[in-house]
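Read off the chains here:
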Amino acid sequence: GVAAPAHAYDVIVIGAGFAGLYALHRLRKEGYSVRVLEAGDAIGGTWYWNRYPGARCDVESMQYSFSFSDEIQREWNWSQLYAPQPEILSYINFVADRLDLRRDIQLNTRVSAASFDAATRRWTVTTGGGERFIAPFSVMATGCLSIPLDPRIPGLESFQGPVYRTSDWPHGGVDLAGKRVGLIGTGSSGIQATPRLAEQAAQLVVFQRTPNYSIPAQNRPLDPDYIRGWKDNYRERRLAARQTRNNTLNNAGPEPGSLATPEAREKAFEERWAAGGIGFMYAFTDMTSDPEVNRHASEFVRRKIAGIVRDPQVAERLMPKDYGIGGKRICVDTDYFETFNRDNVTLVDVRADPIAQVTPTGIRTEAAEYPLDVLVLAIGFDAMTGALLRIDITGRDGVRLRDRWAEGPKTYLGMAIAGFPNMFLITGPGSPSVFTNMVTSIEQHVDWIADCMRHVLGKQASAIEAEEEAQERWVAHVNELAAKTIFPTANSWYVGANIPGKPRVFMPYLGGAANYAAICERVARSDYEGFRVE
Ligand code: NA7
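Because the structure is a prediction, the values reported are computed rather than measured. Along each chain, residue indices are assigned from 1 in the same order as the chain's sequence is written. With the structure being a predicted model, the display of local features is reserved for residues of pLDDT at least 70 and the display and counting of side-chain atom pairs for 80 or more, all residues being used for whole-chain, interface and lining totals.

Let us now look at the overall build of the protein chain. Scanning the protein chain for helices and strands turns up 16 helices and 22 strands. Throughout, radius of gyration means the C-alpha value; the globule benchmark is 2.2 Å times the number of residues raised to the power 0.38. The globule rule puts the C-alpha radius of gyration for 534 residues at 24 Å, and the 23 Å found for the protein chain is close to it. A principal-axis box enclosing the C-alpha atoms of the protein chain has dimensions of 70 × 60 × 45 Å. Partly exposed residues are those whose C-beta has more than 12 but fewer than 20 other C-beta atoms within 10 Å; 20 or more makes a residue buried and 12 or fewer makes it exposed, with C-beta atoms placed from the backbone. The 534 residues of the protein chain split such that 49% are buried. This entry defines residue contacts through backbone-placed C-beta atoms, with two residues in contact when those atoms are within 7 Å. In the protein chain, the share of contacts with a sequence separation of at least 24, taken over all contacts with a separation of at least 6, comes to 72%. Runs of E in the DSSP output that reach at least two residues are strands. Runs of H or I that reach at least four are helices, and both are numbered from the N terminus.

Shown next as structure tokens:
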């Protein structure tokens, strides 16, 4: 048939989560015509989809928000130290209304392909519905944890009851009263959902493959003085946060744990545990780089688990042992380990007793049968590359991203890919974003990209592309930093280990957010070193 006429813009942004929304605002302010294409039927991205009971951010509310507008950060009020998902989604909607973003966002529009035409130097973006959009620039704001893992659990389709995914929980919630619920997966999502599911259901059976390290959130309502303290000092605190490794003020300890006495170490861990949250990982500077310090911290959490969980066998099963703390992304919980003291909660270790199959009425492991009414899957995501590779992206000379990345992702600065001119990634592989306050990282990326576009157009040029050598150097640098840590040793989504057949490549940049931003700055100031502008 005849292709539909294409809609022309300056920039096509794919995704309307935090990244896409800020990109829209910032690029529109530059004077560009921008179209945002969003697969969902509402904005919010990750915070729209992940609405399972207990879903909550593990970065403090006063920090996990946009900093670019002083009015917005003053107008909005957070209710809790760690905001629950519905509140974050309300915030996102508030921002969208406040900045009149919706008029440039097209919902229910899943992008299926994007290809670059070297002759016209334009991207053509095609949607599942057959619409075509043309623009010189494309921005992939597609998220790091937005493509749920395919459940490869034998017999799953035979189950008679409902199967819910944490990553696509029904709107309006689910009534679990009187139900026997089986939960598969004990990452952040499973750990947050477990206590809430246990309260609501008649019985909860948690199927755990790998136990995780989790730190209590010590969540609490925010009092007005605390909020005022932040609002009155936002400018300085936001600046200070950007000087840290993870764009977050975590009161990071300045000393290496390797120099601390056993007593001082223990005291620091106790204080961090009592304060709650991922700040635990910042007790010392070498928590994930010195294997000894990491072992002590891991051991500390195992002792805490032993102290909380009454049944010693259950406690033992909940203790991570085959990797060090932080190797998989640290979890933050409210009453997770405590929940295993409830009479209506059972922990099944599926490494010791694997799931043989899902039956119409429950789950059969090799050794036992668990009758269930409802299944909940919290099994994770095709992280960092999943959403990009779902789109059939073709760069210069017909090169396909799926082929270029067959051995694992390669980027320059996590924002650009050699062979794919004028396409920018927000929080892509090779950037530090997943170790940081995402919202701040998003702002940094988008601001850099906006400046970069202005540079290109200001030079009367029409294309910018990462150079192959610059990309190779960046990838080598990312790998070199990772090799000095415990991270490559854990089977985490950081290395793609949760996806059968995914190349094992450590994806995030570990040099810290502040260093990363400084490098990006330097590249910009040196006339975009490592990029070719035509
Ligand atoms: P995660 O952290 O990837 O956790 C997924 C969990 O599901 C993890 O415990 C997996 O065990 C488990 N899993 C996956 N497939 C199976 C099967 N087939 N059987 C049993 N268990 C399985 O995803 P989350 O959604 O919890 O968190 C993602 C990020 O969101 C998190 O890091 C934060 O950044 C926020 P495994 O460890 O692979 O043995």
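Still more ground to cover, so stick around.
Mapped onto this structure's residue numbering, the UniProt feature "transmembrane region" (unreviewed entry) falls at residues 7–25. Secondary structure across residues 7–25 comprises 42% helix and 32% strand; the distance between its end C-alpha atoms is 20 Å. UniProt positions are given in the numbering used here, feature names are shortened, and annotations may be inferred rather than shown by experiment.

Right, let's talk about the site of the ligand for a bit. In this entry, near means the residue's backbone-placed C-beta atom lies within 6 Å of the molecule or strand. Around the ligand, 20 residues are found, and the nearest of them are G185, G187, S189, T210 and G380. Classification used: nonpolar for Ala, Val, Leu, Ile, Met, Phe, Trp, Tyr, Cys and Pro, charged for Asp, Glu, Lys and Arg, polar for all others including Gly. A per-class count over the shell around the ligand returns 9 nonpolar, 9 polar and 2 charged.

Here we take up the sheet that holds strand β16 (residues 362–365). Any two strands between which DSSP finds at least two bridges are classified as paired. Taken in spatial order, the 3 strands make up an open sheet running β15-β16-β17, and their pairing is antiparallel. With partners counted over all chains shown, the strands left at the sheet margins are β15 (355–359) and β17 (369–371), one partner each. Taking each pair of neighbouring strands and ignoring which way they run, the sheet shows an average axis angle of 15 degrees. Relative to β16, β15 is paired through 4 bridges, and the arrangement is antiparallel. Bridge pairing in β16 links V358 to I363. Between the N-to-C directions of two axes lies an angle of 0 to 180 degrees, each axis being a line fitted to C-alpha atoms and, for a helix, fitted only over the stretch in contact.

Let us look at the environment of S61. In this fold, S61 is placed in the loop between α2 (46–49) and α3 (70–75). Taking the C-alpha atoms as reference, S61 lies 8.6 Å from I88; in sequence the two are 27 residues apart.

The subject of this paragraph is the environment of S146. By secondary structure assignment, the location of S146 is in the loop between β8 (137–140) and β9 (163–165). For the pair S146 and A517, spaced 371 residues apart in the sequence, the C-alpha separation amounts to 24 Å. Other than its neighbours up to four places away in sequence, S146 contacts G45, T46, F381 and A387.

Attention now moves to the pairing of strand β2 (residues 11–14). Residues V11 and V13 of β2 are buried on one face, and the alternating residues I12 and I14, pointing to the opposite face, are buried as well. Pairing of β2 with strand β3 (residues 34–37), which is carried by 4 bridges, proceeds in the parallel orientation. Paired with I12 across the bridge in β3 is R35. Tracing the backbone out of β2, into helix α1 (residues 18–29) and back to the parallel element β3 gives a crossover that is right-handed. In this sheet, β8 lies alongside β2 in parallel orientation, the contact comprising 4 bridges. Across the sheet, I14 pairs through a bridge with M140, a residue of β8. The path from the first strand over the helix to the second decides the hand: if it runs clockwise while the strands point away from the viewer, the crossover is right-handed.

Moving on to unusual backbone geometry. Non-glycine residue N108 carries a positive phi angle of around 50 degrees. Non-glycine residue D527 carries a positive phi angle of around 60 degrees. Along the chain, the position of D527 falls in the loop between α16 (513–525) and β22 (531–533).

Another point: helix α7 (residues 234–242). Of all the residues in α7, the buried ones are R238, A241 and R242. Relative to the axis of α7, the buried residues are bounded by an arc of 100 degrees and lie together on one face. Along α7, the residues that are exposed and aim more than 90 degrees away from the buried face are E236, L239 and A240. Buried residues along α7 sit in contact with α14 (438–458) and α16. The arc refers to the directions leading from the helix axis to the C-beta atoms.

This paragraph deals with the packing of α1 against α14. In helix packing, the relevant descriptors are the interaxial angle and the interaxial distance, both defined with respect to the helix axes. α14 packs onto α1 with a crossing angle of 35 degrees between their chain directions and a minimal axis gap of 9 Å. Judged by the sense of rotation from one axis to the other, the crossing of α1 with α14 is right-handed. Here α1 contributes F18, A19, Y22, A23, R26 and L27 to the contact with α14, which in turn contributes M438, V439, I442, E443, V446, D447 and A450. The crossing is said to be left-handed when, going from far helix to near helix, the turn is anticlockwise and less than a right angle, and right-handed when the turn is clockwise.

What follows is about the confidence of the model for the protein chain. The predictor attaches a confidence to each residue, called pLDDT, with possible values from 0 through 100. Mean pLDDT for the protein chain: 97, with 99% of residues reaching 70 or above. Predicted complex, confidence summary: ipTM 0.99, pTM 0.97.

Below, the discussion takes up the nonpolar core. I12, V13, A23, V139, L183, V376 and I426 are the most contacted members of the largest nonpolar core, which has 156 residues in total. The dominant element in this core, judged by the number of residues it contributes, is α14, at 9 residues. When neighbours within four sequence positions are excluded, A23 is seen to be in contact with V13, V139, A141, I426 and V446. For the purposes of this analysis, a nonpolar core is taken to be any set of buried Ala, Val, Leu, Ile, Met, Phe, Trp, Tyr and Cys residues that are connected through C-beta atoms within 7 Å.

This paragraph deals with the sheet that holds strand β6 (residues 122–127). In spatial order, the strands read β1-β7-β6-β5-β19; together these 5 strands make up an open sheet with mixed pairing. Two strands lie at the open edges of the sheet, namely β1 (7–8) and β19 (392–394), each paired on one side alone. Direction of pairing for β1 relative to strand β7 (residues 132–135): parallel, over a ladder of 2 bridges. From the neighbouring strand, H7 faces β7, where its bridge partner is F133.

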